[in-house]
Amino acid sequence: MRLPIHPLRPLIRPLIRPFRPPTSGDTLRTWLHGLLGAAVGLLPLAAASLVVATAPRDWPAPARTAVLLTAWAALTVAAGCSRRARSASVRVANRLLGTDLPAPVAAARPRGADRLRTGTWLLLHTVAGGALTAVTAFASATAVALPAVWLNGGDRVTILRPLDVPGGAAGLWTLPVAAALLVLAGHACAAVAALLRRAAPALLGHGPAERLAALESQMRRMAQRNRLAQELHDSIGHTLTASTIQAAVARSLMDTDPAAARRALTGLEEASRAAMDDLDHALGILREEHTATAPPLTLADLHTLVDRVRHTRTDVRADITGDPAGVPATVSREAYRIVQEGLTNALKHGGRSPVRLRVTVTPALLELEIANPVPGRARPPRAERRGRGLTGILERVELLNGEAATGPAPDGTGWLLAVRVPLRQAP
């Protein structure tokens with residue numbers, strides 16, 4: 001029988017969680033984090049002591065203490081304002097406190113508020129670490145000293161104040177006291193860890209400028225990955241489509257026309273090699289490596305692309321007007337991928353029907369047209385009309401500030417893809 005959940009348990013649990021008995025690993029890591037904070041505060045304390053040493057000798061003790069603490073706090077905050085101090089604090093907190101803080105963004109310039117937050121964290125780390133070190137050291141030393149004195153027959157010891165520890169049965173109280181002190185030390189570690197974990201996101205987390213820079217960096221990476229995915233789709237998709245048709249052609253002509261079959265296999269080999277180069281180039285970018293592959297293909301490589309499609313025994317009627325070499329490099333690369341994807345779609349949906357390719361280059365405009373019959377239907381299914389290929393074409397055209405139209409040809413003979421991309425203004 002399951003007992004009902006008390007309605008106040010969700011409210012009480014966060015309050016008692018810091019005081020639960022911690023595990024040995026958490027306790028040790030928290031204590032090391034506190035010890036590190038206490039050690040970091042020693043250097044500012046020494047510098048603050050030098051400041052107090054220069055003060056007039058007639059200053060009262062409270063004034064000297066106030067100056068010492070103020071100088072120590074200011075020096076500690078100043079030490080934590082550097083970028084390196086923040087990076088180190090984030091790494092140490094993630095490692096020893098178990099936080100999940102993001103690393104500082106190198107592209108974001110730290111502002112005054114961000115520097116002050118880091119300095120405040122270092123001050124808090126130093127204060128909490130010093131207090132934790134003192135409490136745990138006192139509790140542990142006392143927990144060892146009391147039973148040791150009792151086992152030696154008892155004696156008078158000074159722990160905050162003089163204390164008589166009797167021997168024999170009268171001194172058995174030292175054992176539960178020692179255990180309580182060890183439990184107190186463990187819970188002190190848990191409480192300090194809970195305090196620092198709550199403060200870490202506010203003091204070491206990303207500020208507005210860093211969040212904006214991190215978002216922009218993430219958007220750039222996503223855009224690059226989407227772009228690479230589109231490149232791979234166009235290149236590998238075209239290669240697989242052409243290779244499948246070329247393999248079918250080679251198999252059907254192997255006995256009747258071996259020479260044509262060999263040409264089809266040669267085209268398949270060339271297409272596969274080009275796809276491997278594209279794949280190696282894309283993977284090298286994803287892995288942030290420098291690849292030694294050939295530069296991206298442009299409109300100057302259209303003849304090779306057309307020949308590769310013709311190896312599938314598809315009649316491609318290419319009409320290229322103007323000088324493709326005069327097209328800007330960025331536009332030329334995107335236009336090549338548009339033509340490649342258009343021919344791939346023609347092979348997929350038109351079988352081996354004739355394909356008409358028209359490329360017109362003028363000083364002010366680049367026009368691309370790919371037309372092909374669609375056997376047995378006037379319009380491809382909806383999934384094909386808005387697949388990745390067509391979406392990629394429209395994205396490329398939009399990137400180039402051009403216009404694209406796709407659909408049934410005006411004369412009703414098949415399917416037409418028309419693209420117009422503006423170039424430099426005519427003189």
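Residues numbered from 1 in each chain as written. Predicted model: local features only at pLDDT ≥ 70, side-chain atom pairs only at ≥ 80, totals over all residues. Heavy atoms only, no water.

With that settled, consider the overall build of the chain. If you tally the helices and strands in the chain, you get 13 helices and 7 strands. Here the chain holds 427 residues, and 37% of them are scored as buried. Within the chain, contacts between residues at least 6 apart in sequence are counted, and of these 71% link residues at least 24 apart. For the chain, the exposed area adds up to about 24700 Å²; of that, 62% sits on carbon and sulfur atoms. (Helix = DSSP H or I, 4+ residues; strand = E, 2+ residues; numbered from the N terminus. Buried < 20%, exposed > 50% of the residue type's maximum accessible area, 1.4 Å probe, protein only. Contact = heavy atoms within 4.5 Å. Areas by Shrake-Rupley, 256 points an atom, 1.4 Å probe, with all protein chains shown as cover.)

Let us now look at the UniProt feature "transmembrane region" (unreviewed entry) in the chain. Per the UniProt record, the feature "transmembrane region" (unreviewed entry) sits at residues 30-55, 61-81, 121-150 and 170-196. As annotated, residues 121-150 comprises 100% helix and 0% strand, and the C-alpha atoms at either end are separated by 43 Å. Summarising residues 170-196: 85% helix, 0% strand, and an end-to-end C-alpha distance of 42 Å. (UniProt positions renumbered as here; feature names shortened; annotations may be inferred.)

Before going further, it helps to spend a moment on the environment of Leu195. Positionally, Leu195 belongs in helix 7 (residues 174-204). The spatial distance from the C-alpha of Leu195 to the C-alpha of Leu124 is 9.7 Å, given a sequence separation of 71 residues.

A few words now on a nonpolar patch on the surface. A cluster of nonpolar side chains, contributed by Leu28, Trp31, Leu32 and Leu35, occupies part of the molecular surface with about 330 Å² of accessible area. Turning to its location among the elements, Leu32 is positioned in helix 2 (residues 24-40). With a relative accessible area of 36%, Leu32 lands in the partly exposed category. (Patch = residues over 30% accessible without salt bridge, like charges linked within 9 Å, V, L, I, M, F, W, Y side chains within 5 Å. Salt bridge = Lys/Arg side-chain N within 4 Å of Asp/Glu carboxyl O.)

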